[in-house]
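Single-letter residue listing:
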Amino acid sequence: MASSVLRAIRKATKMQPKIVFVLGGPGAGKGTQCQKIVENFGYVHLSAGDLLREERNKPGSEYGELIENYIREGKIVPVEITCSLLENAINGSGKDKFLVDGFPRNQNNLDGWNKSVADKIQLQFVLVFECPMEICTERCLSRGAGGSGRSDDNLESLKKRFNTYLNETKPIIDYYEKLSLVRRIDATRSADEVYDDVKKIFQDYDVAGGDK
Ligand code: ADP
Ligand code: C5P
Ligand code: MG
């Protein structure tokens with residue numbers, strides 16, 4: 001069957017994977033909150049950063065060195081790499097609800113996603129964790145001190161990561177804001193307090209009928 005017909009059938013029968021994008025500065029608490037959402041709402045957590053680190057660590061990976069350089073410099077890896085890691089994870093999971101954490105992070109991410117994935121999935125909303133740079137930096141530095149082993153949890157990389165967030169990711173949030181898809185959360189409070197707000201957003205979405 002032609003793939004456009006298959007897509008139309010999937011859309012009509014709501015069989016498409018459901019996606020929530022999760023964005024916020026480095027250390028805003030995206031991963032922490034995603035874990036809690038997984039426990040209560042049955043989503044699969046896919047962190048673009050985790051997938052890239054996993055790919056980088058594969059012996060003989062074609063992209064290992066490139067990924068490590070981008071990560072240390074706080075730059076965004078070309079979308080072809082990230083999108084195919086995400087697509088493989090989505091298609092290989094056998095599940096239908098995903099938190100895509102740390103993506104799309106710039107215009108290149110957004111264009112690549114819109115070109116090859118967007119019309120095969122249902123974007124539910126975009127969750128944005130708002131947290132000032134000082135708090136984000138503190139959290140990432142303690143994560144590094146606590147043994148994260150991440151090559152970018154240091155002051156020099158963090159400055160670059162935050163600049164990337166302000167200059168490249170914020171415009172993507174503005175784009176989704178215009179589509180009324182953004183749900184903002186004050187992420188400066190304790191993880192449990194932040195989660196109280198997160199939970200309400202997911203509950204309200206379900207009550208409102210979500211995608212039905
Ligand atoms: P992100 O995925 O956005 O980079 P993480 O969830 O990995 O952020 O959190 C960064 C660090 O801050 C971790 O060490 C985590 O334990 C801690 N953390 C997460 N949320 C909070 C919070 N609300 N208050 C204090 N520390 C937090
Ligand atoms: O989200 P996380 O903090 O784990 O991302 C770490 C790094 O991974 C980013 O600073 C960036 O270099 C890279 N990354 C990327 N493209 C994404 C997500 C992460 O290049 N969409
Ligand atoms: Mg994370």
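As the structure is a prediction and not an experimental result, all values here were calculated from the model.

What counts, and where the lines are drawn
- Residues numbered from 1 in each chain as written.
- Chains lettered and ligands numbered in written order.
- Predicted model: local features only at pLDDT ≥ 70, side-chain atom pairs only at ≥ 80, totals over all residues.
- Heavy atoms only, no water.
- UniProt positions renumbered as here; feature names shortened; annotations may be inferred.
- Helix = DSSP H or I, 4+ residues; strand = E, 2+ residues; numbered from the N terminus.
- Contact = heavy atoms within 4.5 Å.
- Polar contact = N/O pair within 3.5 Å; in protein donor to acceptor, adjacent residues only side chain to side chain.
- Axes fitted to C-alpha atoms, helices over the stretch in contact; angles between N-to-C directions.
- Parallel < 35°, antiparallel > 145°, perpendicular 65-115°, else oblique.
- Left-handed = near helix turned anticlockwise from the far one by under 90°.
- Nonpolar A, V, L, I, M, F, W, Y, C, P; charged D, E, K, R; others polar.
- Near = heavy atom within 4 Å.
- Areas by Shrake-Rupley, 256 points an atom, 1.4 Å probe, with all protein chains shown as cover.

Enquirer: How should the UniProt feature "binding site: a ribonucleoside 5'-phosphate" (unreviewed entry) in the protein chain be read in this particular structure?
Expert: According to UniProt, the positions carrying the feature "binding site: a ribonucleoside 5'-phosphate" (unreviewed entry) are Arg 53, Lys 75, Ile 76, Val 77, Gly 102, Phe 103, Pro 104, Arg 105, Arg 150 and Arg 161. Looking at the secondary structure, you find Ile 76 in the loop between α4 (64–72) and α5 (79–93). Here Ile 76 is in contact with Tyr 70, Arg 105, Asn 106, Asn 109, Thr 164 and Glu 168, once residues within four sequence places are set aside. Within the element layout of this structure, Arg 105 appears in the loop between β3 (97–101) and α6 (107–116). Ignoring sequence-local partners within four residues, the contact set of Arg 105 consists of Ile 76, Glu 168, Thr 169 and Ile 172. Here the side chain of Arg 105 touches Gly 102 through a polar contact of 3.1 Å, landing on its backbone oxygen.

Enquirer: For this particular structure, what's the right way to read the packing of α5 against α6?
Expert: The axes of two packed helices give the description: the angle between them and the distance between them. α6 packs onto α5 with a crossing angle of 50 degrees between their chain directions and a minimal axis gap of 9 Å. Of the possible angle classes, the one that applies to α5 and α6 is oblique. As α5 packs across α6, the resulting crossing turns out to be right-handed. Touching Val 79, Cys 83, Leu 86, Glu 87 and Ile 90 of α5 are Asn 108, Asn 109, Gly 112, Trp 113 and Ser 116, all from α6. Grouping the amino acids of the contact of α5 with α6 by side-chain chemistry returns five nonpolar, four polar and one charged.

Enquirer: Whenever I open this one, the site of ligand 1 confuses me. Can you help?
Expert: Every residue near ligand 1 is listed here: Gly 25, Gly 27, Ala 28, Gly 29, Lys 30, Gly 31, Thr 32, Arg 139, Arg 143, Arg 189, Ser 190 and Ala 191. In this structure, Ala 28 approaches ligand 1 through a main-chain N or O atom, which is 3.3 Å from an oxygen atom. Between Gly 29 and ligand 1, the recorded distance is 3.0 Å, taken from a backbone N or O atom to an oxygen atom. Here ligand 1, which alone exposes 560 Å², has 71% of that area covered by the protein. Elements that contribute at least two residues to the shell around ligand 1 include exactly α2 (30–41) and α7 (133–145).

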